[in-house]
Amino acid sequence: YGKGVVGRKYNELQLTGHMQSDIVAEHGTIRDEVRIRDCILEENISVVWENNVCQGIAVILRDKTRMRQMEDEIAYRVALLHEVRHRVKNNLQTIISLVGLEAARTRNDAVKAYARTITGYIRSMSVTYDMLAHTERESVELKTMLNRMADVLMENGNACEYHVHVDIDGDDIELPASIASTVALIVNELIQNSIKYAFHGRKEGKLWMKIEKGEEYSWITVGDDGCGFDKESKMNSGCGLGLRLIEGLVKSSLKGNLEIESSGHGTITRFSFH
C-alpha cells in the first residue's frame with residue numbers, strides 16, 4: 001500500500017477477497033494465501049469480539065515466500081531424481097540386452113556363463129531402480145525387493161535343470177537406495193552361488209531368506225539345503241571371487257559383518273547392515 005493503513009477500513013485493505021460481513025458471519029479464523037507480485041503471504045483473519053459485539057478485525061500476515069520457493073525447488077529436484085532413475089533403469093535394460101546378444105553369438109560355454117553372471121548383477125540393480133522409479137519415496141521395501149529379485153533369477157533360466165523353492169520371511173524394513181542396491185548385489189551373488197553349485201544331481205532344492213530388524217544393525221540370512229562347500233579350500237583355489245566380492249561389499253559398503261556356515265546339509269550366509 002502506498003499510503004498508511006492506520007485508520008482505514010478493512011474492506012479497503014483486504015487482500016484475499018474476504019469481505020468484512022463474511023468474516024463477522026464466520027465466527028472463527030479464516031486462513032488463506034495470496035500472491036502479490038513475487039511475494040506469497042499467508043493471511044489469518046479473526047474478529048475481535050467484546051460482549052458479543054464486533055470491535056474490529058485482527059489480521060496476521062506471514063511472509064511464506066521463501067518457504068514456497070524451497071518447496072517448489074524440492075518438488076523439482078524430486079521430479080528430476082525420478083526421471084534419472086527411469087533413465088538408469090532403461091539403460092540397465094539396454095546393457096542386459098546387449099550382453100545377451102553378444103553371448104548368443106558365441107559358442108564358448110565359459111563366455112555364456114560369464115555373461116549370465118554379469119546380467120544377474122545388472123538385473124539385481126535394475127530391480128532396485130525399478131522400485132524407486134515407481135514410488136514417491138526415497139527408499140524401497142526390502143522384502144518386496146528380495147521377492148522380485150528371486151523371481152527374476154528363477155526366470156533367468158539358471159535353474160532350468162532342477163526346481164528351486166524360495167521362501168522369504170522376517171521383518172519389514174525400508175532401505176535407502178544406496179544401501180538397497182548394495183544389498184541387492186550381495187543377495188544376487190548368494191542366490192546365484194546356490195543355484196550354480198548347491199543342487200547338482202538333484203531334481204529340486206530349497207533356498208530361504210530371513211530378515212531380522214535390530215536397533216543398531218539389521219541382518220539378512222540366505223540359506224540353502226544343498227551340498228555345501230569348504231570355504232578355505234575354495235578361497236585358496238582362486239575360485240572364491242564371489243565370496244571375496246560379498247565380503248568386500250559387506251565390510252566396506254555396508255560397514256557390517258559376514259558369517260558363513262557350510263556343511264553337507266547346506267550353506268547359511270548371514271550379513272549385517274545399518
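For clarity, every value in this text was computed on a predicted model and none was experimentally measured.

Rules used in this analysis
- Residues numbered from 1 in each chain as written.
- Predicted model: local features only at pLDDT ≥ 70, side-chain atom pairs only at ≥ 80, totals over all residues.
- Heavy atoms only, no water.
- Phe/Tyr/Trp six-rings, centres within 6.5 Å; stacked < 30°, edge-to-face > 60°.
- Buried < 20%, exposed > 50% of the residue type's maximum accessible area, 1.4 Å probe, protein only.
- Pairing = 2+ DSSP bridges.
- Helix = DSSP H or I, 4+ residues; strand = E, 2+ residues; numbered from the N terminus.
- Axes fitted to C-alpha atoms, helices over the stretch in contact; angles between N-to-C directions.
- Expected span 1.5 Å × (residues − 1).
- Contact = heavy atoms within 4.5 Å.
- Salt bridge = Lys/Arg side-chain N within 4 Å of Asp/Glu carboxyl O.

**Details of the packing of aromatic side chains**
Summed over the entire model, instances satisfying the criterion amount to 1 aromatic pair. When the centroid spacing of 6.5 Å and the interplanar angle of 45 degrees are considered together, the rings of F271 and F273 count as tilted. The class of F273 is buried, set by a relative accessible area of 1%.

**Structural notes on the pairing of strand β1 (residues 30-36)**
The pairing of β1 with strand β2 (residues 39-50) spans 7 bridges and is classified as antiparallel. Pairing of I30 across the sheet is with I45, part of β2. Counting the residues between successive antiparallel strands, the hairpin from β1 to β2 contains 2 residues, one of them, R37, with a positive phi of roughly 55 degrees.

**Some details on the sheet that holds β2**
Read from one edge of the open sheet, 3 strands run β1-β2-β3, paired in antiparallel fashion. Only two strands of the sheet have a single partner each, and these edge strands are β1 and β3 (53-63). Looking at each pair of strands side by side, their axes are set apart by 30 degrees on average, direction ignored.

**Observations regarding unusual backbone geometry**
Residues other than glycine seldom take positive phi values, yet R37 does so here, at roughly 55 degrees. Here R37 shows up in the loop between β1 and β2. Its identity as a non-glycine residue notwithstanding, N52 has a phi of 60 degrees, on the positive side. With respect to the helices and strands, N52 occurs in the loop between β2 and β3. Taking the relative accessible area as the measure of exposure, N52 reaches 76% and is therefore exposed.

**Topic: helix α3 (residues 65-105)**
Taking 1.5 Å as the rise per residue, α3 with 41 residues should run 60 Å; its terminal C-alpha atoms sit 61 Å apart, in good agreement. Buried residues of α3: T65, R68, H82, R85, K89, L92, I96 and A103, and no others. As for α3, its buried residues are in contact with β1, β2, β3, α4 (109-133) and α6 (177-198).

**Looking at the pattern of salt bridges**
Counted according to the given criterion, the structure contains 12 salt bridges. R87 is the salt-bridge partner of E83, the closest N and O atoms lying 2.9 Å from each other. Of this pair, E83 and R87 both sit in helix α3, 4 residues apart, which is roughly one turn of the helix. Taking the relative accessible area as the measure of exposure, E83 reaches 37% and is therefore partly exposed. Among the residues examined, R87 registers a relative accessible area of 54% and is labelled exposed. For R270, the salt bridge is made with E212, and the minimal N-O distance between the two is 3.4 Å. You can see R270 sitting in strand β10 (residues 266-273) and its partner E212 sitting in strand β7 (residues 204-212), a full 58 residues away along the chain.

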